[in-house]
Amino acid sequence: GAGVSQSPSNKVTEKGKDVELRCDPISGHTALYWYRQSLGQGLEFLIYFQGNSAPDKSGLPSDRFSAERTGGSVSTLTIQRTQQEDSAVYLCASSPLRTVIETQYFGPGTRLLVL
Amino acid sequence: AQTVTQSQPEMSVQEAETVTLSCTYDTSESDYYLFWYKQPPSRQMILVIRQEAYKQQNATENRFSVNFQKAAKSFSLKISDSQLGDAAMYFCAYRRNYGQNFVFGPGTRLSVLP
């Protein structure tokens, strides 16, 4: 079946502009994660949605970052007033969470470049 | 807070040889879950293998196996009969429990030499 999809694949923006990154999880997956991966670095957790529970926003680096998940499906990560240090690959993952050992299924990511 | 450490930023292995990637983690929990993910140049993260901490038996998936040492908080990945397609970034990840987010290590870049 279809995997996790993200759009756009690449985004170039100017410093100070707002950007929206989209994630379409696998249908039926209750959990959705956003991560940031800077060049050559590991994954930095940003935010986690699970079902109807309040999201875990503990990883958001500043109040310029926000995310929402509408209808328990599609999620949008918004970065306001972008800065050059926001340049990174933003990865989305979803999980069915049928069991605790259940893994995440990752999308291909959105590469963001802030000029 | 839990942390995951991968002390080898880069590793290389000859094709058909065996390589071991290291991972250590810090936690005060007794029940948790450990994962190895592979990220090839395409950026698509793929699960390689996973291990429940309560299981003493090391997980195995074809050419991939782990050496899980709970007391030492070590979770190394062994790749046998390395293939060119194994070249990628490998990330070790920890998850405490149901509904918790994953904590990733910084990654190890593996090169496979023909």
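The structure we're discussing is the one just above.
The paragraphs below set out a description of the structure included in this document. (Residues numbered from 1 in each chain as written. Chains lettered and ligands numbered in written order. Predicted model: local features only at pLDDT ≥ 70, side-chain atom pairs only at ≥ 80, totals over all residues. Heavy atoms only, no water.)

Examining the packing of aromatic side chains
As a reminder of what qualifies: For Phe, Tyr and Trp, rings pair up if their centres lie within 6.5 Å, where Trp contributes its six-membered ring, and each pair is then called stacked (planes under 30 degrees apart), edge-to-face (over 60) or tilted (otherwise). Put simply, DSSP marks the helices as runs of H or I at least four residues long and the strands as runs of E at least two long, and each gets a number from the N terminus on. Using a 1.4 Å probe on the protein chains alone, a residue whose accessible area is under 20% of its type maximum counts as buried, one over 50% counts as exposed, and one in between counts as partly exposed.
The final tally for this structure, using the stated rule, is 17 aromatic pairs over all chains. Ring geometry for Tyr33(A) against Tyr48(A): centres 4.6 Å apart, planes inclined by 10°, an arrangement best described as stacked. Here Tyr33(A), found in strand E4 (residues 31-37), pairs with Tyr48(A), found in strand E5 (residues 43-50); they are 15 residues apart in sequence, far enough to count as distant. The two residues Tyr33(A) and Tyr48(A) agree in class, both being buried. Joined through ring pairs, the aromatic side chains of Tyr33(A), Tyr35(A), Phe45(A), Tyr48(A), Phe106(A), Phe35(B), Tyr37(B), Phe102(B) and Phe104(B) make up one cluster.

Some remarks on the state of the cysteines
Cut-off, in case you're wondering: Cysteine sulfur atoms are paired as a disulfide whenever they come within 2.5 Å of each other.
One pass over the full model with this rule turns up two disulfides over all chains. Covalent S-S linkage joins Cys23(A) and Cys92(A), the inter-sulfur distance amounting to 1.8 Å. On the sign convention where negative means left-handed, the S-S torsion of about -65° between Cys23(A) and Cys92(A) marks this disulfide as left-handed. On the criterion of sequence distance, the pair formed by Cys23(A) in strand E3 (residues 19-24) and Cys92(A) in strand E8 (residues 88-95) is long-range, its members being 69 residues apart. With respect to burial, Cys23(A) and Cys92(A) carry one shared label: buried. Through a disulfide, Cys23(B) is tied to Cys92(B); the S-S separation comes to 2.0 Å. Torsion about the S-S bond of the Cys23(B) and Cys92(B) cystine: about -70°, corresponding to left-handed handedness. Taken together, the residues span a long stretch of sequence, with Cys23(B) in the loop between strand E3 (19-21) and strand E4 (24-26) and Cys92(B) in strand E10 (residues 88-95) at a distance of 69 residues. With respect to class, Cys23(B) is no different from Cys92(B); both count as buried.

Details of the interface of chain B and chain A
When the parts come together, some accessible area is lost, and that loss is often what is quoted as the size of the interface. Let me state the cut-off plainly: The criterion used for residue contact is that any of the two residues' heavy atoms lie within 4.5 Å. Simply put, the buried area is the total loss of 1.4 Å probe accessible area from both parts when two parts are fitted together. The term salt bridge refers to a side-chain nitrogen of Lys or Arg lying within 4 Å of a carboxyl oxygen of Asp or Glu. Between N or O atoms, a polar contact is any pair within 3.5 Å; within protein, one atom must be a potential hydrogen donor and the other a potential acceptor, and residues adjacent in sequence are included only when both atoms are from side chains. Here the nonpolar group is Ala, Val, Leu, Ile, Met, Phe, Trp, Tyr, Cys and Pro; Asp, Glu, Lys and Arg are the charged ones; every other residue, Gly included, is treated as polar.
On the chain A side, the residues contacting the 22 residues of chain B number 26 residues. Interface of chain B and chain A: buried area, both sides summed, is about 2100 Å²; carbon and sulfur atoms make up 54% of it. Here chain B is connected to chain A by zero salt bridges. For the pair chain B and chain A, the number of links is six residue pairs in polar contact (both at pLDDT 80 or more). Secondary structure elements with two or more residues in the side of chain B that touches chain A: strand E5 (33-39), strand E6 (46-52), E10 and strand E11 (102-104) of chain B. Broken down by class, the residue content of the side of chain B that touches chain A amounts to ten nonpolar, eight polar and four charged.

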